[in-house]
Amino acid sequence: MPQAATPTFAHPRYWPTWVAIGAMRVGAWLPWRVKLAIGKGIGLFAWRFAKRRRFITETNIRLCFPELDGDAQARLVREAFVSNGIGILETATGWCRNPEHLRHRVTFKGQEHMARVEASGKGALIIGIHFSTLDLGGALHSLFFPADVVYRPHNNALFERFMTRARNGIFGTAIDRHDLRGVVRRLKSGHHVWYSPDQDFGRDVSVFAPFFGVEAATIKLTAKIARMTGAPVMPLIFHRNPDNRTYSLEYLPALNDFPSGDEVEDAARVNAVIEKAIRRHPEQYLWLHRRFKTRPEGAEKIY
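First things first, this report covers the structure right here in the doc. As the structure is a prediction and not an experimental result, all values here were calculated from the model.

### Section: the side chain of Lys35
So, point 1. You can see Lys35 is positioned in helix α2 (residues 32-49).
So, point 2. For the buried residue Lys35, which engages in no salt bridge, the nearest side chain bearing the opposite charge is Glu90, 9.1 Å off.
So, point 3. If we ignore the near neighbours within four places in the chain, the residues touching Lys35 are Gly27, Ala28, Trp29, Leu30, Leu89, Thr93 and Arg97.

### Observations concerning the packing of helix α3 (residues 51-64) against helix α4 (residues 70-96)
So, point 1. With their axes 10 Å apart at the nearest point, α3 and α4 run at an angle of 130 degrees to one another. Our classification of the angle between α3 and α4 gives oblique. Where α3 crosses over α4, the handedness of that crossing is right-handed. Side by side, α3 and α4 meet where Arg53, Arg54, Thr57, Glu58, Ile61 and Arg62 of the first sit next to Gln73, Leu76, Val77, Ala80 and Phe81 of the second.
So, point 2. Residue composition of the contact of α3 with α4, grouped by class: five nonpolar, two polar and four charged.

### Some remarks on the pattern of salt bridges
So, point 1. Per the stated rule, a full pass over the model turns up nine salt bridges.
So, point 2. A salt bridge links Glu58 to Arg54, with the shortest nitrogen-to-oxygen separation between them at 3.7 Å. Of this pair, Glu58 and Arg54 both sit in helix α3, four residues apart, which is roughly one turn of the helix.
So, point 3. The class for Arg54 is partly exposed, based on a relative accessible area of 24%.
So, point 4. A salt bridge links Glu297 to Arg203, with the nearest nitrogen and oxygen atoms 3.8 Å apart.

### So, a positive patch on the surface
So, point 1. On the surface, a cluster of positive charge is made up of Arg52, Arg53, Arg290 and Lys293.
So, point 2. Examined against the element boundaries, Arg290 turns out to sit in the segment after α10 (263-280).

Thresholds applied
Position numbers for residues start from 1 in each chain and track the written sequence from start to end. The model is predicted, so local features are restricted to residues of pLDDT at least 70 and side-chain atom pairs to those at 80 or more, both for listing and for counting; the totals for chains, interfaces and linings are taken over all residues. Based on all heavy atoms of the structure, the side-chain values leave hydrogens and waters out of the count. In this text, helices come from DSSP runs of H or I with a minimum length of four residues, and strands from runs of E with a minimum of two, each type numbered from the N-terminal end. Relative accessibility thresholds used throughout: buried, under 20% of the residue-type maximum; exposed, over 50%; partly exposed, between the two (1.4 Å probe, protein chains only). Note that His is not counted, nor are the chain ends; the positive residues are Lys and Arg, and the negative ones are Asp and Glu. The working definition used for a salt bridge is a side-chain nitrogen of Lys or Arg within 4 Å of a carboxyl oxygen of Asp or Glu. The contact definition used throughout considers only heavy atoms, calling two residues in contact when any of these lie within 4.5 Å. What counts as an axis is a line fitted to C-alpha atoms, over the stretch in contact for a helix, and the angles between N-to-C directions run from 0 to 180 degrees. Here roughly perpendicular refers to angles of 65 to 115 degrees, roughly parallel to angles under 35, roughly antiparallel to angles over 145, and oblique to all remaining angles. A crossing counts as left-handed when the near helix is turned anticlockwise from the far one by less than a right angle, and as right-handed when that turn is clockwise. Charged residues are taken to be Asp, Glu, Lys and Arg, nonpolar residues to be Ala, Val, Leu, Ile, Met, Phe, Trp, Tyr, Cys and Pro, and polar residues to be all remaining types, Gly included. Here a patch means residues that are over 30% exposed by relative accessible area and free of salt bridges, tied together within 9 Å if like-charged and within 5 Å if nonpolar (Val, Leu, Ile, Met, Phe, Trp, Tyr). Surface accessibility in these figures is a Shrake-Rupley result with a 1.4 Å probe; residues are shielded only by whichever protein chains are displayed. Taken as the charge location is NZ of Lys, CZ of Arg, CG of Asp or CD of Glu.

Okay, structure coming up:
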């Protein structure tokens, strides 16, 4: 029997994706104040109507900020949705425009730490964090230091192609998160690799370590890559400033004596660095994802 023809991206099921891609391309070129207004509108719409995501966000913030009273937690939830709404327009800007036009909006601290690594000829494993500014932060980082990026492929084939092409334009190479050999090979050849270890990837690849005082499934791969390559692990912090028009990036010194050989201790150190960064601007973190989805044996489900 003849094989079925491979569906093309002209198929009607991809039409909504084409509309989304077109909207991102247009959004990237809007005036800044218009981007902010649209982003806030998207965030507020999701805060009001995306009840499941709001429940997840409320749960995360209640667990991670028990020191806040109910009103303060509720404000932080709302601010998180607004920030992530703005992040959609920032992502569009990072993917669809040359970041050079934003150089004047960036303050970059701690460049000497990365310069020291580059002088040694080594590739660094850069700890990125899932802030709403993630993809724009990567584009801004590329103005100063080249890097590859580890990413999760998108389930939609058309959007995956669009996203990968955009990220390949920002970074040196976009590496599938399952391609450990590719990560190791790039680091050993002296390339920096941007890698975000702050999501729940399941029990099989994780240990439980505290994150905001809650035991969280934390991927073991950070220490494993560092051990296999000898690459220094460089924390990178990036935020949208309170004026909503400028951005700050900052490298912290490479983690000392890492990895230690103790998987839980190493995971806890990475989580502590990420937590410290989040506390600077907690509303900009991606609280909408189920960070505590995987629970220790015998523990109650959170979501």
